[in-house]
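Single-letter residue listing:
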Amino acid sequence: MKKSDIYYEAMKARDPRFDGKFFVGVKTTGIYCRPICPAKPKKENVEFFQSHLEAEKAGYRPCLRCRPESAPQSPAWVGKSAVVQRAVKVLNSQESIEFNEDAFAALFGVSARHLRRLFIEEIGKTPKQLSFENRLNLARQLIVETSLPITEVAFAAGFDSIRRFNDAFKDRFKKSPREVRRQKSAPPGALRISLPYRPPFDFDGLMNSYQNHRMGSLEWFTDNKMLRVISIGGKVGTVTISNQPEKSALLVEINSPDTSVIHTIISRVRNQFDLDSDPVIVANCLEADTDIKKMLKSYPGIRLPSGWDPFEVAISAILGQLVSIERGRALVADLIDLAGKDSGLVLNNTRIKLFPTAEDILSCDLRSLKTTGARKQTLLDFSKALVEKKISLQPTQDVDHFLKSIQKIRGIGPWTAQYMALKVLRHTDTFPATDLILARALEKHRKIKLDQFSPWKGYLAALFWRNYTHKLTKRSSRKKGSGHGKSPT
């Protein structure tokens, strides 16, 4: 069967597993759609594209009904060169709506001029144009899904001129913001936004991991929901995340005094819940081993756990060395109480403190923190290295360079470094083999060769943690040194 035939059958079935993996251009209307769109054009009237960028380069405009910009990001990287592939991926997950061409190009070790030339040759648009379109896509999502006033939508999308926003919006979507807006009654309380994913989706596994590693009073869990106190740009608010399996989407409820942070919040939720992962591609790789295939059937749609903020995850990894999950969680809570600033919020009769910044840790007296002197010094050295920009938590960096740099800090060994690479940088091909649970899992699966699961070894680690954490009894003795740590699940 031809690929076009497979795509057409998937489109007719509206199979959500294919959402974002290809797009459908309808020749008779000049519109391109997601494969789950209710419209069902005839086969002779359609053509298929690997990404929305290819569809737009061919002259199609986005469907107003299914909103292609809201689909999970395509796992098929756009572009021929590695630089363009990485850059597009970063553009699709960037937190800031501000865009500086020189600073963006520097992330990939090239000049802005060279990167523009590559983008135009391979995609037909510059990085700045793609970033601008992402802002407009966010605006349309807010207009369709919320009752946020049009002026606040414009501000949230990074526009300081309503006239410029209206002109740009109409140029992209061929309708004005008010024409796109449906009649909506203002929902009480939080702003609600839907973020789709490709099923299957192991939401329970992620929730279990985040509950085990909750950040003091900043996070709490109830009724299959995760609630989080956030601080972005000095503005404090809350985010509530729940699953809508019938819609293959997460529901994100945002309470924030500043609408300009909505884009950052959405980006962080997408990253934390690994929404752009393609479970079919991952499963095809992991199922090369029959035992792993059986295990995956128990936890379909395994996702990579990470965290709300990279710095929080890194500090938690340091505090979690050589202690139980419960003890590591308690140390994180103690550090927040000791060094964190007051958020101004009182929730569940508890005055909430924010997670300390690197500067907060450096200026704090850590003597009362009930951990070893060596670990306190590691916290200080790590924070100082970040402040002095000797290390970075940027996911765009070379992972091998990160592992080498981070282990120059006294007290950070292979386990901590690889754990950070997996959960802080979200590098999918990292496997912290010295982790207690993972090491014992490998003993039970002696025949497997880790390289056969590249580039998805991180998902194998997540699957082992998910399956074995409560099955393998931890030895009472721990090897000394910074190379071993607790299991992160």
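Residues numbered from 1 in each chain as written. Predicted model: local features only at pLDDT ≥ 70, side-chain atom pairs only at ≥ 80, totals over all residues. Heavy atoms only, no water.

Here's the deal with the environment of glutamate 54
Within the secondary structure layout, glutamate 54 lies in helix α2 (residues 52-57). Along the primary structure glutamate 54 and glutamate 122 are separated by 68 residues, whereas in three dimensions their C-alpha atoms are 9.7 Å apart. (Helix = DSSP H or I, 4+ residues; strand = E, 2+ residues; numbered from the N terminus.)

Let's talk about the nonpolar core
If you look at soluble globular proteins, the nonpolar side chains tend to sit buried side by side. Ranked by internal contacts, the top residues of the largest apolar core, which has 44 residues, are Leu142, Phe165, Leu250, Ile262, Ile265, Val269 and Phe273. Broken down by element, the residue count for this core peaks at six residues, all from helix α6 (residues 127-145). The contact partners of valine 269, leaving out residues within four places of it in the chain, are Leu195, Val239, Ile241, Leu250, Val252, Leu275 and Trp308. Listed in part, the 43 residues of the second largest apolar core include Phe311, Leu331, Ile336 and Leu425. (Core = buried A, V, L, I, M, F, W, Y, C linked by side-chain atoms within 4.5 Å. Buried < 20%, exposed > 50% of the residue type's maximum accessible area, 1.4 Å probe, protein only. Contact = heavy atoms within 4.5 Å.)

Looking at the side chain of asparagine 271
Mapped onto the elements, asparagine 271 comes out in helix α11 (residues 262-272). Among all residues touching asparagine 271, those that are not within four sequence positions of it are Ser93, Ser306 and Arg426.

As for the pairing of strand β6 (residues 219-222)
Of the two faces of β6, the one lined by Glu219 and Phe221 is fully buried and the one lined by Trp220 and Thr222 carries no buried residue. Strand direction decides the pairing type here: β6 and strand β7 (residues 225-232), joined by four bridges, are antiparallel. Pairing of threonine 222 across the sheet is with lysine 225, part of β7. (Pairing = 2+ DSSP bridges.)

Some thoughts on the sheet that holds strand β2 (residues 31-33)
The sheet built from four strands is open, its strands ordered β3-β1-β2-β4 with mixed pairing. The open sheet has two free edges, formed respectively by β3 (46-49) and β4 (61-62), since each of these has just one partner strand. When strand β1 (residues 23-26) meets β3, the two strands line up antiparallel, connected through four bridges. Pairing of phenylalanine 23 across the sheet is with phenylalanine 49, part of β3.

Remarks on unusual backbone geometry
Of note, the amide linkage connecting proline 199 to proline 200 takes the cis form, showing an omega dihedral of 0°. For proline 200, the location among the structural elements is in the loop between β5 (191-196) and α10 (203-212). Notably, lysine 174 is not glycine yet its phi reads approximately 65°, a positive angle. If you trace the backbone, lysine 174 turns up in the loop between α8 (162-173) and α9 (177-180). Accessibility expressed as a relative area gives 48% for lysine 174, which makes it partly exposed. One non-glycine residue, aspartate 274, adopts positive backbone phi at about 50°. Following the sequence through the fold, aspartate 274 ends up in the loop between α11 and α12 (279-286). Residue classification places aspartate 274 among the buried residues on the basis of a relative accessible area of 14%.

Spatial relationships are all this shows, so hold off on functional conclusions.
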